[in-house]
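Observations on chain architecture
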Amino acid sequence: MIGIAGAGAFGTALAVALARGGREVRLWARDADQVRQMRETGRSEAALPGVTLPENVSVHAEIGEICHGQALLLAMPMQALGAALDTWPQIDGRQPLVACCKGVDLGTLRGPVAVIEARRPGAPAAILTGPSFAADIARGLPTALTLATKGDGEALQELLSTPTLRLYRTDDVIGAELGGALKNVMAIAAGTVIGAGLGDSARAALMTRGYAEMVRLAEALGARPETLAGLSGFGDLVLTCTSAQSRNFRYGCALGRGEGFDPRVTVEGVATARAVVKLADALMIDMPITAMVNALALGKIALNDAIGQLMSRPLKQE
């Protein structure tokens, strides 16, 4: 049995994919009404409209009912991960705990695996990340992800792989974490470029220079640059900077057009930009795109001023 804590779009999509791959899946939802609706209809119209849950997916309201399987996937926003582990003593860490979120914790400036390790010392901790939209996974479209863990990870890789979900394994946890976190910031920037009508050439330049920022910070924190060139970095960057399915990209488009954005939608890149600016300042690392995204999100700078500052930076060798 595989437990999944979090019945949002991504958690539900993983439940569907793993169940179709022959696994028994227990899915926990926070809202009792959502649990009742999913049990009665076999669907989650709020998270994944039109997707039917396989029979080997059960939906639960009690977290303790999903905590004793072969693995527990934590499919919740990054900023909620630490509080969830603090609240749920039922998660004892005897089975692998797999973070399915992307970002940097605002309070500790740590990634998901470090947050898990701090609260469940000794538990096998991992992160599942990479270029993936929940709707594609749920439809059974081919998807490749990165599974990063400090341990062996082969058994977990086998457990979580299906005919349509292909996992690649790495022990570079920091690189995988930062790739997934920082690409959200760059997706906001790319969306801003498109929303402001600056064109595809500007977006390509933004993605390239944003990728350089990602590698710069990751290497400073001990990650391997080749990890950032893989699925969890470059792959995810391409996906989220070029598709309106990305919430971060859509948020950036709204910024570029000067429009509001639905506050009920979680945009991980906003909190990540705030955390990374603090981290970069402490390490004295230059991350101008990240700094501008943070300033724009906080309303500290006008869009035209942000563009002007980036374009007027000193000329340099690439």
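Details of the structure are given in the entry above.
This section reports on the structure supplied with the text. Since we're looking at a predicted model, the values are computed, not measured.

Observations regarding the packing of aromatic side chains
With the rule as written, the count across this model stands at 3 aromatic pairs. Between tryptophan 28 and tryptophan 88 the ring centres are 4.8 Å apart and the planes differ by 75 degrees, which places this aromatic pair in the edge-to-face class. Residue tryptophan 28 is found in strand β2 (residues 25-28), and its partner tryptophan 88 is found in the loop between α3 (78-87) and β7 (97-99); the two are separated by 60 residues along the sequence. The buried category is assigned to tryptophan 28, whose relative accessible area is 11%.

Things to note about the pairing of β2
Bridge count between strand β1 (residues 2-5) and β2: 4 bridges; the pairing is parallel. Residue pairing across strands places isoleucine 4 opposite leucine 27, the latter belonging to β2. Crossover β1 to β2 through helix α1 (residues 9-20) is right-handed.

Notes on the nonpolar core
Grouped together as the largest cluster of nonpolar side chains are 37 residues, with contacts concentrated most on Ile4, Leu73, Val98, Leu128, Leu147, Leu156 and Leu160. The element that contributes the greatest number of residues to this core is α1, accounting for 7 residues. Contact partners of leucine 73, with chain neighbours within four places excluded, come to Ile2, Gly3, Ile4, Ala5, Leu14, Leu18, Val98, Cys100 and Leu160. Leu178, Leu182, Met207 and Leu237 belong to the second largest nonpolar core, which has 34 residues in total.

With respect to the sheet that holds strand β5 (residues 57-60)
The strand order β5-β2-β1-β6-β7-β8-β9-β10 describes an open sheet built from 8 strands, whose pairing is mixed. The open sheet is flanked by β5 and β10 (165-170), the only strands paired with a single partner. Between one strand axis and the next, the sheet turns by 25 degrees as a mean value, whatever way the strands run.

Side note on the pairing of strand β9 (residues 143-149)
The buried fraction of β9 is high, at 6 of 7 residues. In this sheet, β9 lies alongside strand β8 (residues 125-129) in antiparallel orientation, the contact comprising 4 bridges. Looking at β9, one finds that leucine 128 is bridged to leucine 147. In this view, the connection linking β9 to its parallel neighbour β10 by way of helix α6 (residues 154-160) has right-handed handedness.

Topic: the side chain of serine 246
For serine 246, the position within the fold is in the loop between α10 (231-242) and α11 (247-257). Engagement of the side chain of serine 246 in a polar contact is seen with the backbone nitrogen of asparagine 248, the distance being 3.3 Å. Excluding residues that lie within four positions of it along the chain, serine 246 makes contacts with Phe133, Ala187 and Thr240.

Here's the deal with the environment of glycine 252
You can see glycine 252 is positioned in helix α11. Between the C-alpha atom of glycine 252 and that of methionine 186, which follows or precedes it by 66 residues, the distance is 9.3 Å. If we skip the residues at most four places from it in the chain, glycine 252 touches Ile188, Gly191 and Thr192.

Re helix α8 (residues 200-220)
Turn by turn, an α-helix covers 3.6 residues, leaving residues three or four places apart pointing in a common direction. Taking 1.5 Å per residue as the helical rise, α8 with its 21 residues ought to reach 30 Å, and the 30 Å between its terminal C-alpha atoms agrees with that figure. Every buried residue of α8 is accounted for by Arg203, Leu206, Met207, Gly210, Glu213, Met214, Val215, Leu217 and Ala218. Looking at the residues trailing α8, positive phi occurs at glycine 222, about 100 degrees.

Digging into the pattern of salt bridges
Applying the stated criterion across every chain yields a total of 15 salt bridges. Its salt-bridge partner being arginine 119, residue aspartate 86 comes within 2.9 Å of it at the nearest N-O pair. On the criterion of sequence distance, the pair formed by aspartate 86 in helix α3 and arginine 119 in helix α4 (residues 112-119) is long-range, its members being 33 residues apart. Classification of aspartate 86 by relative accessible area gives exposed; the value is 54%. Glutamate 226 is the partner of arginine 224 in a salt bridge, and the nearest nitrogen-oxygen pair spans 3.6 Å. Overall, arginine 224 belongs to the partly exposed group, its relative accessible area being 33%. Since its relative accessible area comes to 53%, glutamate 226 is described here as exposed. Connected via shared salt-bridge partners are Lys102, Lys183 and Asp236.

About the cut-offs
Residues numbered from 1 in each chain as written. Predicted model: local features only at pLDDT ≥ 70, side-chain atom pairs only at ≥ 80, totals over all residues. Heavy atoms only, no water. Phe/Tyr/Trp six-rings, centres within 6.5 Å; stacked < 30°, edge-to-face > 60°. Helix = DSSP H or I, 4+ residues; strand = E, 2+ residues; numbered from the N terminus. Buried < 20%, exposed > 50% of the residue type's maximum accessible area, 1.4 Å probe, protein only. Pairing = 2+ DSSP bridges. Right-handed = clockwise from strand over helix to strand, strands pointing away. Core = buried A, V, L, I, M, F, W, Y, C linked by side-chain atoms within 4.5 Å. Contact = heavy atoms within 4.5 Å. Axes fitted to C-alpha atoms, helices over the stretch in contact; angles between N-to-C directions. Polar contact = N/O pair within 3.5 Å; in protein donor to acceptor, adjacent residues only side chain to side chain. Expected span 1.5 Å × (residues − 1). Salt bridge = Lys/Arg side-chain N within 4 Å of Asp/Glu carboxyl O.

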